[in-house]
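Geometric and topological summary
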Amino acid sequence: MDVSTYVGERIKEFRTSYNGGKGLSQEELATKLGIATNTVSRWEKAVYKPKLKDIDDLAKFFGKPISSFFPEENTPAPLAGLMRAAQGLHQDDIEALTQFAQIKSAQNQLRKK
Amino acid sequence: MSERSEYYKKMVTLAHEQRALFDISGARITRTEFRKIYKHYGISIDQWPIAGLDRKAFKKLRGVYFPDLHGAPSVLVARLPDEPYIFTLAHELKHHLMDRDSVGAFCLTQVQDEMKEIGAEVFAAEFIYPTIEFHDDLSKMDITKGSCTARDIVVLKHQTATSLSYAALAKRAEFTGFAPEGSLPKSGWKKLEENIYGEPDYKRIQRLRSLRKNLS
């Protein structure tokens, strides 16, 4: 399965299980995100690849980390090393670095065809 | 000579070699020049927070060097004004040149590896504005050892347009004996600059805009 298809399936999964399983229609999600109605459908069918900003908005909306939209084997490898080295760093900065590693990983995967 | 002194001396030499490699002269380095240098080494630069994404700025971090982030070296740098931004990129460049084979990311704690971190500070200051040029510029202003004042530092910075901060210049002036130890202020440089050279253009424009806004 390519990354776009995987991301599309994850979006659909989060959308349909939203609000304790009640789910959300594609139109409702589009309205919540302020995007065109058919965009959600195209993401889910992997016709369109969502941009990083879209993934970020989706992650915030569903309350999920960015990395949850991508295949597990491709989650950021440097994160473990990074966290080992981050002792003594301000908690906010550790969070920022974690977010950066996830965003960078998402960027890389979105670039893949 | 101690191991530390030798290491720092090596960093000074490395800074000079890198300046020569990229044909850098004078006391000023721009963001554009740094982009070219980083491109040469295949290092990507990311700024935090990433544009378009709603994220909190760093609390204390200025920059982080990742030797291998998804297969390539990368530097994450805070969105900073020119001087600290340039200094941070110079600092991280040293990590790329010298420390990339070590495991993990750098600049995460100050005590993590003190010698490497101080070495990066030495490299950065020397890369931006070599001490020998600093000495020459002060000599041209007829400043001798022990006589450098805060005003002289402001004039030097104005004349050379150096990308090195007032704090770094003051530290160097004291370290090299041009100013007596502890004689230079720790802050208030911009105010002193204004007293000598008047209100800077950007500030005057800001003031006039605010005045116009209040009148309308």
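Residues numbered from 1 in each chain as written. Chains lettered and ligands numbered in written order. Predicted model: local features only at pLDDT ≥ 70, side-chain atom pairs only at ≥ 80, totals over all residues. Heavy atoms only, no water.

Once that is clear, we can look at the overall build of chain A. When helices and strands are tallied, chain A shows six helices and zero strands. Counting helices and strands in the order they occur from the N terminus, chain A gives α-α-α-α-α-α. A buried classification covers 47% of the 113 residues belonging to chain A. In chain A, 61% of the contacts between residues at least 6 apart in sequence involve partners at least 24 apart. For chain A, the computed accessible surface area is about 6000 Å², with 47% contributed by carbon and sulfur atoms. (Helix = DSSP H or I, 4+ residues; strand = E, 2+ residues; numbered from the N terminus. Buried < 20%, exposed > 50% of the residue type's maximum accessible area, 1.4 Å probe, protein only. Contact = heavy atoms within 4.5 Å. Areas by Shrake-Rupley, 256 points an atom, 1.4 Å probe, with all protein chains shown as cover.)

Now for the pattern of salt bridges. Under the defined criterion, the tally for this structure stands at 18 salt bridges over all chains. Between Lys60(A) and Asp56(A) there is a salt bridge whose closest N-O contact spans 3.5 Å. In this pair, Lys60(A) and Asp56(A) both sit in helix 4 (residues 52-62), four residues apart, roughly one turn of the helix. With relative accessibility at 2%, the residue Asp56(A) sits in the buried group. Where Lys59(B) meets Asp92(A), a salt bridge forms, and the shortest distance between an N and an O atom there is 3.5 Å. Placement of the pair is Lys59(B) in the loop between strand 1 (44-48) and strand 2 (63-69) and Asp92(A) in helix 6 (residues 91-111), with the two residues belonging to separate chains. A single network of salt bridges, built from pairs that share partners, joins Asp56(A), Lys60(A), Asp54(B) and Arg55(B). (Salt bridge = Lys/Arg side-chain N within 4 Å of Asp/Glu carboxyl O.)

This brings us to the pairing of strand 2 of chain B. All names here are of chain B. For strand 2, the buried fraction is high: six of the seven residues fall into the buried class. As judged from the five bridges shared by strand 2 and strand 3 (residues 72-78), these two strands associate in the antiparallel manner. Bridged to Phe 66 within strand 3 is Ser 74. Connecting strand 2 to the next strand, strand 3, in antiparallel fashion are two residues, including His 70 with a positive phi near 55°. (Pairing = 2+ DSSP bridges.)

Between its first and last C-alpha, helix 3 (residues 82-98) of chain B extends 24 Å over 17 residues, near the 24 Å set by a 1.5 Å rise per residue. Across the 17 residues of helix 3 of chain B, 13 count as buried, placing the element largely inside the fold. (Expected span 1.5 Å × (residues − 1).)

Strand order in the open sheet formed by three strands is 1-3-2 (chain B), and the pairing between neighbours is mixed. The sheet is open, and its two edges are formed by strand 1 and strand 2 of chain B, each paired on a single side. Pairs of neighbouring strands in the sheet enclose a mean axial angle of 20°, with direction left out of account. Sheet analysis places strand 1 of chain B next to strand 3 of chain B, joined by five bridges and oriented parallel. By the bridge assignment, Ile45(B) is partnered in strand 3 of chain B with Val75(B). This element, helix 6 of chain A, spans strand 1, strand 2 and strand 3 of chain B of the sheet and lies at about 130° to strand 1 of chain B. (Axes fitted to C-alpha atoms, helices over the stretch in contact; angles between N-to-C directions.)

Okay, a nonpolar patch on the surface next. There is a patch of nonpolar side chains on the surface, built from Leu208(B), Leu211(B) and Leu215(B) and spanning about 330 Å² of accessible area. Looking at where Leu215(B) falls in the secondary structure, it is placed in helix 9 (residues 201-215). (Patch = residues over 30% accessible without salt bridge, like charges linked within 9 Å, V, L, I, M, F, W, Y side chains within 5 Å.)

Time to look at the packing of helix 2 (residues 26-33) of chain A against helix 3 (residues 37-44) of chain A. Residues and elements named next belong to chain A. Axis separation between helix 2 and helix 3 bottoms out at 7 Å; the angle between their running directions is 115°. Taken together, the axes of helix 2 and helix 3 are roughly perpendicular relative to one another. For the element pair helix 2 and helix 3, the recorded crossing hand is right-handed. Only Thr 37, Val 40, Ser 41, Trp 43 and Glu 44 of helix 3 make contact with helix 2, whose side of the interface consists of Gln 26, Glu 27, Leu 29, Ala 30 and Leu 33. Partitioned by chemical class, the residues of the contact of helix 2 with helix 3 number five nonpolar, three polar and two charged. (Parallel < 35°, antiparallel > 145°, perpendicular 65-115°, else oblique. Left-handed = near helix turned anticlockwise from the far one by under 90°. Nonpolar A, V, L, I, M, F, W, Y, C, P; charged D, E, K, R; others polar.)

Another point: unusual backbone geometry. In this structure, the amide linkage connecting Trp48(B) to the following residue, Pro49(B), adopts the cis form with an omega of 0°. Tracing the backbone through its elements, the reader meets Pro49(B) in the loop between strand 1 and strand 2. With phi around 55°, Asn19(A) is a residue other than glycine that occupies positive phi space. The residue Asn19(A) is located in the loop between helix 1 (3-16) and helix 2 in this model. The partly exposed category is assigned to Asn19(A), whose relative accessible area is 47%. You will see that Ala46(A), though not glycine, has its phi angle at about 60°, which is positive. Mapped onto the elements of the fold, Ala46(A) is located in the loop between helix 3 and helix 4.

Take the packing of aromatic side chains next. The full count for this structure, using the stated rule, is 16 aromatic pairs over all chains. When the ring of Tyr18(A) is compared with that of Phe62(A), the centres are 5.8 Å apart and the planes differ by 70°; the resulting orientation is edge-to-face. One end of the pair, Tyr18(A), is in the loop between helix 1 and helix 2; the other, Phe62(A), is in helix 4, with 44 residues separating them in the sequence. Owing to a relative accessible area of 26%, Tyr18(A) belongs among the partly exposed residues under this scheme. Aromatic side chains Phe22(B) and Tyr41(B) sit 5.8 Å apart centroid to centroid with 70° between the ring planes, which places their arrangement in the edge-to-face category. Of the two residues, Phe22(B) is situated in the loop between helix 1 (3-21) and helix 2 (31-40) and Tyr41(B) in the loop between helix 2 and strand 1; the sequence distance between them amounts to 19 residues. Put simply, the rings of Phe14(A), Tyr18(A), Phe61(A), Phe62(A) and Phe69(A) touch in pairs and so form one group of aromatic residues. Across from the ring centre of Tyr85(B), 3.9 Å away, lies the NZ or CZ of Arg31(B), which sits over that ring. Over the ring of Tyr166(B) we find Lys157(B), and its NZ or CZ is 5.3 Å from the ring centre. (Phe/Tyr/Trp six-rings, centres within 6.5 Å; stacked < 30°, edge-to-face > 60°. Lys NZ or Arg CZ within 6 Å of the ring centre and 35° of its normal.)

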